[in-house]
Amino acid sequence: MNEKNELITGKVGKTLIFFAIPYLLSSFMQTFYGMADLFITGLYNGSATITAVSVGSQVMHMLTVILLGFAMGTTVRIGRAVGAGDKRAAAQTMGTTGVFFMGFACVLTAVLFVMTKGITRIILVPADAAKETVTYLRICFLGIPFITAYNVISSLFRGTGDSRSPMYFVAVACVVNIVLDFLFIGVWDMGAAGAALGTILGQGVSVAVALVMFKRKDFGFAMNRQAMRPNRQILSDILNVGAPIALQDGLIQVAFMVITVIANSRGLIAAASVGIVEKLIGFMFLVPSSFLSAISAVTAQNMGAGKPERARQSLYYGLMITVGWGVLCSVYNQFLPQTLIGLFTQEEQVLAAGCDYMRAYCFDTIFAGIHFCFSGYFCGDQKSGISFLHNIIAILTMRIPGAYAASRLFPETLYPMGWAAPLGSLISAAICVGFYVHFRREEKR
């Protein structure tokens, strides 16, 4: 039995977990080398450089999740084609994806490189960290083609049911990045610039490995010149699914950036504290985000194969696992947040402020687990507009106004500000449940 058929046969829980594990490990390694940048920077540099790397990497994370959102359209489109046994459509989706996204990456690189200083002004980077932030971002922006290529190639593999190969790509990037970080930051004292160089060079090597594996991979269908010609209908299908996901993920990251701006306006201590906690929360979100992607792929193939019940079962299993993980994260961070935040800073003020922020923010891991799983299910069922809707409502009603209000009303602590994200996710979760119940009632009628 080949990998792609395993998603539409066998026990659903086992299928989902075994497909999600490589996703999780890939995400873990990707986040780990991002955290390694911050950790190694903290070993050799002060708050200004830490802030530059944390804020700069947050901007890059926003960009990455937007690209990943677009690429999700490819995963779903290929998944449905594979589930339906349409080899020609799967091949054309691959070709259209490659041509479109690489052109898009080149344009994006040029635009963002020119806009770098404006971006740092908009997000109110503290003056002491502004110069290094600009340097960090400009170097990373030059690596956008690598980021795009990695996410696109990974989406192609995952759409066909192979979630293991992308894990190997990230492993290469992780090892190369960490080695170069110690060299550039620790030995050559390059600061934020060294962190950025290590990141893009690691990604470049990863893409080279990915391309080699892509050429050798037997997808079960041929890739020829005709398949490489962009197909308008296929591109439309990809964007119809991917654009709402990219927009929703982008808006979520914008909300995070607004919160960062609010923190930056409160000074270097708050900026560094929030930057560290955002990194840690990103690590905790690996489980729900991995199941979002896995549920999306499993749902897409099973919907394409005419097996909607298996898709629903994958959602239920995902909810049990992600909510359980969220509870564990929340309990741990109520009592021992300093054991995590202390890994990234030795400054007492940053540590204390970060612990306050984490004790509230950590509850987001529970509620996000719910709406992440539902978003994966809706995306796989080509209803990604719902994911966009619940996120924009949460952002406009709670995440941004809640953080701003808490910052103004409680200027001495970050704890109330930390509640904005979990309350926003609670709103998203409620909306997702409402839509799911509505669709199930419609189906029964």
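Look a little higher up for the structure.
Remember, it's a predicted structure, so these values are computed and weren't measured experimentally. (Residues numbered from 1 in each chain as written. Predicted model: local features only at pLDDT ≥ 70, side-chain atom pairs only at ≥ 80, totals over all residues. Heavy atoms only, no water.)

Q: Explain the overall build of the protein here, please?
A: For the protein, the helix and strand inventory stands at 18 helices and zero strands. Against the compact-globule benchmark of 22 Å for 445 residues, the protein has a radius of gyration of 21 Å, which places it among compact chains. Based on the C-alpha atoms only, the size of the protein along its principal axes is roughly 60 × 50 × 35 Å. Taken across its 445 residues, the protein has 57% of its residues classed as buried. Within the protein, residue pairs in contact and separated by at least 24 positions form 83% of the contacts whose partners lie at least 6 positions apart. Total accessible area on the protein is roughly 17700 Å²; 67% of this is exposed by carbon and sulfur atoms. (Helix = DSSP H or I, 4+ residues; strand = E, 2+ residues; numbered from the N terminus. Rg over C-alpha atoms; globule rule 2.2 N^0.38 Å. Buried < 20%, exposed > 50% of the residue type's maximum accessible area, 1.4 Å probe, protein only. Contact = heavy atoms within 4.5 Å. Areas by Shrake-Rupley, 256 points an atom, 1.4 Å probe, with all protein chains shown as cover.)

Q: What exactly am I supposed to notice about the side chain of Asp381 here?
A: One can find Asp381 in the loop between helix 16 (364-380) and helix 17 (384-409). Among the polar contacts made by the side chain of Asp381, one reaches the side chain of Lys383 at a distance of 2.5 Å. For Asp381, the residues in contact, after removing those within four places along its chain, are Arg80, Thr299 and Met303. (Polar contact = N/O pair within 3.5 Å; in protein donor to acceptor, adjacent residues only side chain to side chain.)

Q: In this structure, what is going on with the nonpolar core? I would like to understand it.
A: Nonpolar side chains tend toward joint burial in soluble globular proteins. With 88 residues, the main nonpolar core has Met60, Tyr136, Phe141, Leu280, Tyr357, Met358 and Met417 as its most contacted residues. Considering each element in turn, this core owes the most residues, eleven residues, to helix 3 (residues 47-84). Beyond its immediate chain neighbours, meaning those up to four positions away, Met358 contacts Val277, Leu280, Ile281, Met284, Asn333, Pro337 and Ile341. Membership of the second largest hydrophobic core comes to 23 residues, among which are Phe19, Leu319, Ile386 and Ala429. (Core = buried A, V, L, I, M, F, W, Y, C linked by side-chain atoms within 4.5 Å.)

Q: Would you mind showing me how to read the pattern of salt bridges here?
A: Note that side chains of opposite charge can pair when their charged atoms are close. Scanning the model with the defined rule gives four salt bridges in all. For Arg312, the salt bridge goes to Glu443, with nearest N and O atoms at 3.3 Å. Of this pair, Arg312 sits in helix 13 (residues 308-335) while Glu443 is found in helix 18 (residues 420-444), placing the two residues 131 residues apart along the sequence. Three or more residues are tied together by salt bridges with common partners; here these are Glu309, Arg312, Arg440 and Glu443. (Salt bridge = Lys/Arg side-chain N within 4 Å of Asp/Glu carboxyl O.)

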